[in-house]
Amino acid sequence: MSFSDRSSGRRRTAHAARTALGASALALTLLTTAACGPDNSSADTAATAGAGAGAAPNIGLPANLEDLKKWKFDDWEKWAKDYALPAAAKGFWTLDKLLKAKPNEPLPPPAAPPAAPPAAPAQPTQAPAQPSQPAKPSQPAQPGQPTPPGAPTAPATTPGKPPAGQPTQPGHPTPPPAAPKPSNTQQPASQAPAQPAQPTQAPAQPPAQPAQPTQAPAQPAQPSQAPAQPAQPPAQPAQPAQPADNGNDPLPKTVNAQPLPHPYTKLAVHGKLFADAPGSGAEAAAGLSHYQCSATVVADPAHPGKSNLVWTAGHCIHQGKGGKYFSNISFIPAFNSNGALSGGKQAEEAQYAPLGIWNATQAVTSPQWKAEGGDGGSPATQYDFAIIRVQPGEGGKSLEETVGGAVPVWFNAPREQLSITEYGYPAAPPFDGMELNRCESGKPTRLSYDPTRPPMHAIGCTMTGGSSGGGWLAVKDGRPALVSNVSVGQHTGDPKFQAGPYLDDVAAGAYDFISKKG
């Protein structure tokens, strides 16, 4: 699928998937929700197959996803050696820099969703065994006979496609049609007509008796038929487990983003994230390295009620494979809450940043994003998330205390229970980045680049670049909880949609790590 508004020819790793929570009722509860950096070198990229958790000090990306899910705090600390970041200098983000910041684009999806591999035809492999069945004398060889090579058992484990015209339900892959099972009555039926045919052979024997020995040597090859039958029953239970769609559902329908009314007092957990991409020379001197994303204040389990944690996309703070962390990462909650910058107006910092500018001092993203991330949607985008820690405010007041709340994170959320609303500050046309928008997108579908990893959530939403990292919220136990963030997106054509990572145990491990490091 195509993708628009890519901001520059620089290597930007931006992904689009916008999720959100929805309904004004959820907004009213946000403020009452109680609180329930990885390596800059390219060393991680070399270790894509390595020891599991707790192995040697230089922990890379384990070959087995289950090993990564079992990482403990010490494993994360060995891997995320550069989680500490230099804070931006006070006053670094002037209004001029903020207005020049380019939208960090969600990454474009692939030209077409990955297709399931075609099913291998089961019937042709069985047919060749049937013509040799007329030789009845082979039956005594059945007892105890081992299955010879070439017995038709492979088709039982070959992935298949869903039946034509049959829709695939989210989270429930449609099993492929079962291969026709050879009937056990076929062999006696084929042998019965063979017996009356024998008298026709008798007259042929007097003139050509030497031809008889040619039938005997054929017998040793025939026992392969009988053992083939016992091998078929195990194939039946394997069929329901065959993937039908590689984790892909039909794309969601377009949902139009809606600007929220000023002020954003009850939505102050949402804000804009600014950062400088690694660069040098004329580009950096001209201010072309300034980028903007969206982000959400999340609860800190280690510091309940006093969180300084912010959730965003991995591509908003780190370049991905072989790259580095961005610098001067700062978060502005409730950006332009009173509309001071709306309509091209100018304003003072106290007006467009009423709750202050919060500088990041720590950050962590997924090992998959650091080791594999790059331009365009890929398996790395299925783990395109990041958490940053910001400096406390004056007098040690936390970010959560300042904005009036924080959103808990819902890991391993059941897909069938989700109705997602996305929040963000889209900045690429037709948006200008000054307004907080929302997409009430409902139930997500699935989008996958690698069926061995959890499929992404996909929702319809017309938000554009700048909404990357924006929080996707769903209701859990009557309160909003973060379930994903914008990573991948398509902003042209129809449908317009975004996708975000499914937050599993890997995301929970990164979250636990940075929570305890505070």
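This is a predicted model, so every value here is computed, not measured.

What follows concerns the overall build of the chain. Counting its secondary structure elements, the chain contains 15 helices and 16 strands. In the chain, which comprises 518 residues, the share counted as buried stands at 52%. A total of about 21400 Å² of accessible surface is found on the chain, and carbon and sulfur atoms cover 57% of it.

This paragraph deals with the sheet that holds strand β11 (residues 445-447). Spatial ordering of the open sheet is given by β11-β12-β16-β15, a layout of 4 strands whose pairing is antiparallel. Edge positions in the sheet fall to β11 and β15 (488-490), since each has one partner strand and no second. Across the sheet, the axes of successive neighbouring strands diverge by a mean angle of 30°, strand direction being ignored.

The strand order β2-β10-β9-β13-β14 describes an open sheet built from 5 strands, whose pairing is antiparallel. Whereas interior strands pair on both sides, the edge strands pair on one side only; in this sheet they are β2 (258-259) and β14 (479-485). Summarising the sheet, strand β9 (residues 420-424) and strand β10 (residues 437-442) pair through 5 bridges and their orientation is antiparallel. Directly across from Thr 421, in β10, lies its bridge partner Glu 440.

Take the environment of Cys 461 next. Inspection of the secondary structure puts Cys 461 in the loop between β12 (456-460) and β13 (471-476). Remark: the alpha-carbon pair of Cys 461 and Thr 421, spanning 40 residues in sequence, is separated by 9.6 Å.

On to the side chain of His 290, then. Checked against the element boundaries, His 290 lands in strand β4 (residues 290-298). Polar contacts involving the side chain of His 290 include one to the side chain of Asp 276, which spans 2.4 Å. Leave out the neighbours within four places in its chain, and His 290 touches Phe 92, Trp 93, Lys 97, Lys 100, Ala 101, Lys 102, Ala 275 and Asp 276.

Think of a disulfide as a covalent bridge from one cysteine sulfur atom to another cysteine sulfur atom. For the coordinates displayed, the defined rule picks out 2 disulfides. For Cys 439, the disulfide goes to Cys 461, at an S-S distance of 2.1 Å. Judged by the sign of its S-S torsion, about 80°, the cystine formed by Cys 439 and Cys 461 is right-handed. Here Cys 461 lies in the loop between β12 and β13 and Cys 439 lies in strand β10, a separation of 22 residues in the sequence. Taken individually, Cys 439 and Cys 461 each receive the classification buried, so the pair is uniform in this respect. Of note for the chain: the bonded cysteines, numbered N- to C-terminal, pair according to 1-2, 3-4.

A word on the environment of Gly 460. Here Gly 460 shows up in strand β12. A C-alpha to C-alpha distance of 4.4 Å links Gly 460 and Thr 254, two positions 206 residues apart in sequence. When sequence neighbours within four positions are dropped, the list of residues in contact with Gly 460 reads Pro 252, Lys 253, Thr 254, Val 255, Cys 439, Ser 441, Lys 496 and Phe 497.

One can find Glu 66 in helix α3 (residues 65-69). Through-space distance from the C-alpha of Glu 66 to that of Asp 505 is 9.1 Å; in sequence the pair is 439 residues apart.

This part covers the pairing of β13. Examined bridge by bridge, β9 and β13 share 2 bridges and lie antiparallel to one another. Residue pairing across strands places Glu 422 opposite Trp 472, the latter belonging to β13. As paired strands, β13 and β14 are joined by 6 bridges and run antiparallel to one another. Note that in β14 the partner of Leu 473 across the bridge is Leu 482. Connecting β13 to the next strand, β14, in antiparallel fashion are 2 residues, including Asp 477 with a positive phi near 55°.

With that out of the way, let us pick up the pattern of salt bridges. Under the defined criterion, the tally for this structure stands at 11 salt bridges. For Arg 446, the salt bridge is made with Asp 249, and the minimal N-O distance between the two is 2.8 Å. On the criterion of sequence distance, the pair formed by Arg 446 in strand β11 and Asp 249 in the loop between α10 (235-238) and β2 is long-range, its members being 197 residues apart. In this structure, Arg 446 and Asp 249 share a single accessibility class: buried. Salt bridges here are not isolated pairs; linked through shared partners, they connect Glu 66, Lys 69 and Asp 504.

This brings us to the packing of aromatic side chains. Counting across every chain of the model gives 15 aromatic pairs. Geometrically, the ring pair formed by Phe 274 and Phe 335 is tilted, given 6.2 Å between the ring centres and 55° between the ring planes. Note that Phe 274 is positioned in strand β3 (residues 270-276) and Phe 335 in the loop between β6 (327-333) and α12 (349-352), a separation of 61 residues in sequence. Each member of the pair Phe 274 and Phe 335 is classed as buried. Centroid distance Trp 311 to Phe 411: 6.3 Å. Interplanar angle 55°. Geometry classified as tilted. Pair noted here: Trp 311 is in strand β5 (residues 309-312) and Phe 411 is in the loop between α14 (399-403) and β9, with a separation of 100 residues, a long-range link. Ring pairing ties together the aromatic residues Phe 92, Trp 93, Tyr 264, Phe 274, Phe 335, Tyr 352 and Tyr 425, which thus form one cluster. One cation-aromatic arrangement involves Lys 370 over Trp 79; the distance from NZ or CZ to the ring centre is 4.6 Å.

Moving on, we get to unusual backbone geometry. Here the bond from His 262 into Pro 263 is cis, since omega is -5°, no more than 30 degrees from zero. Within the element layout of this structure, Pro 263 appears in the loop between β2 and β3. Along the chain, Asp 494 connects to Pro 495 via a cis peptide bond; the corresponding omega equals 5°. A positive phi angle, close to 55°, is found at Asn 412, a residue other than glycine. Following the sequence through the fold, Asn 412 ends up in the loop between α14 and β9.

About the thresholds
- Residues numbered from 1 in each chain as written.
- Predicted model: local features only at pLDDT ≥ 70, side-chain atom pairs only at ≥ 80, totals over all residues.
- Heavy atoms only, no water.
- Helix = DSSP H or I, 4+ residues; strand = E, 2+ residues; numbered from the N terminus.
- Buried < 20%, exposed > 50% of the residue type's maximum accessible area, 1.4 Å probe, protein only.
- Areas by Shrake-Rupley, 256 points an atom, 1.4 Å probe, with all protein chains shown as cover.
- Pairing = 2+ DSSP bridges.
- Axes fitted to C-alpha atoms, helices over the stretch in contact; angles between N-to-C directions.
- Polar contact = N/O pair within 3.5 Å; in protein donor to acceptor, adjacent residues only side chain to side chain.
- Contact = heavy atoms within 4.5 Å.
- Disulfide = S-S within 2.5 Å.
- Salt bridge = Lys/Arg side-chain N within 4 Å of Asp/Glu carboxyl O.
- Phe/Tyr/Trp six-rings, centres within 6.5 Å; stacked < 30°, edge-to-face > 60°.
- Lys NZ or Arg CZ within 6 Å of the ring centre and 35° of its normal.

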